[in-house]
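# Structure assessment
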Amino acid sequence: MKYRYGEMTWPEIAEASQAGRVAIVPIATIEDHGPHLPVDTDLRLCEAVCEAAAAVAPDRMVLVPAINHGFSPHHMDFPGPITIGAKTLIDYGVDVCTSLAHHGFRRILIVNGHGSNTPFVDIIARLAVVQTGVLAAAVNYWNAPGVREAAERLRESDAIGGMNHACEFETSIYLALRPDLVDMAKARRELSHRPTENYWTDLVGGDGPLAMMEPWSVLSESGVMGDPTKATAEKGRALLAAAASGIVALVDELRSREMRSRVDRH
Ligand SMILES: [Zn+2]
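Because the structure is a prediction, the values reported are computed rather than measured. (Residues numbered from 1 in each chain as written. Predicted model: local features only at pLDDT ≥ 70, side-chain atom pairs only at ≥ 80, totals over all residues. Heavy atoms only, no water.)

### Some remarks on the overall build of the protein chain
Definition in use: Helix numbers and strand numbers start at the N terminus; a helix is a DSSP run of H or I with at least 4 residues, a strand a run of E with at least 2. Any residue under 20% of the maximum accessible area for its type is buried, any over 50% is exposed, and the rest in between are partly exposed; the area is computed with a 1.4 Å probe on protein chains only. We call two residues in contact whenever any of their non-hydrogen atoms come within 4.5 Å of each other. Here the positive residues are Lys and Arg and the negative ones are Asp and Glu; neither His nor the chain ends is included. Where a charge sits is defined by one atom per residue type, namely NZ (Lys), CZ (Arg), CG (Asp) or CD (Glu).
Looking only at helices and strands, the protein chain has 8 helices and 6 strands in total. Taken over 266 residues, the protein chain has a buried fraction of 50%. For the protein chain, the proportion of contacts with a sequence separation of at least 24, taken over those separated by at least 6, is 79%. Of the charged side chains in the protein chain, 25 are positive and 34 negative, and the gap between their average positions amounts to 6 Å.

### Thoughts on the nonpolar core
Defined as follows: The term nonpolar core refers to a set of buried residues drawn from Ala, Val, Leu, Ile, Met, Phe, Trp, Tyr and Cys, joined through side-chain atoms within 4.5 Å.
Counting 49 residues, the largest nonpolar core has Ile 24, Met 61, Leu 109, Val 111, Tyr 141, Phe 169 and Ile 247 as its most contacted members. With 9 residues, helix H8 (residues 233-256) is the largest single contributor of residues to this core. Residues in contact with Tyr 141, not counting those within four places in the same chain, are Leu 45, Cys 46, Val 49, Val 111, Asn 112, Gly 113, Val 147, Phe 169, Ile 173 and Ala 243. Counting 27 residues, the second largest nonpolar core, distinct from the first, contains Val 64, Ile 110, Ala 128 and Ala 136.

### As for the coordination of the zinc ion
So the rule is basically this: With water omitted from the atoms examined, metal sites may look incomplete; donors here are N, O and S atoms no farther than 2.8 Å from the metal, or 3.2 Å in the case of Na, K and Ca. Key to geometry: four donors with every angle between 85 and 135 degrees are tetrahedral; four donors are square planar and six octahedral where opposite donors lie over 155 degrees apart and all remaining angles lie between 65 and 115; all other sites are irregular.
Those donors, His 33 (NE2), Asp 42 (OD), Glu 170 (OE) and Glu 170 (OE), are the protein atoms that reach the zinc ion, and they lie 1.9 to 2.7 Å from it. The coordination sphere of the zinc ion comprises 4 donor atoms, whose angles at the metal cover 54 to 133 degrees; the geometry is irregular. Counting residues between consecutive donors of the zinc ion along the chain gives the motif H-x8-D-x127-E. With a gap of 137 residues between them, His 33 in the loop between strand S1 (22-27) and helix H2 (41-56) and Glu 170 in helix H6 (residues 168-177) connect regions that are remote in the sequence. Of the two residues, His 33 and Glu 170, both sit in the buried class.

In structure tokens form, the structure reads like this:
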């Protein structure tokens, strides 16, 4: 059964939307990930998670081609990032959802692979709901159910900050996917973002209440935030599997939610 949107013909897309399949929209960015990982890390990982999820539940979802670019202006002191503006990103995401809604998809799950896209994917999903009447939701794939538990079980890096960016978490998944593109000889631990009482950040452990994002060059010399030296392909395979089954669980939950009509209560 086909599940990749781009490989479908128009009658197949019509059939898929009428069958109530959930449209999965991966979104990430292109940005520096230390001296050991390619700049497509967020994109490749996010697409791999979505692909693995769709492959086990092709009858319930359709995998839309990813939105490759995201919000990375704070990374521009490093060579490589391609950032798009906040308003452009929101408009882009809403336009994708609006197109899907136009073709009859009633449920959309945006799967995000880049931390700094988080507020935007939330807004995109909200706007899609009010503007098109679909049921749209957004999730960061590392927040999918079961991922945190798997990551904490495997974790050898520091509890706060060890899994952040180009870290044990991301490097492990990249190693599981394309070890030939990872240069572990150049992987280095860097925890220089200076956590304080209410400011800290960790992909798995979450962020402190003092939420802010300084320029990446202020936070890291190598571009790494965390400890990629603890990464292994085996951990990556476990994280990938956890994230994929977490996405399937979210899709099934979204599918089972009854859609009710708006009521004008003026
Ligand atoms: Zn990343």
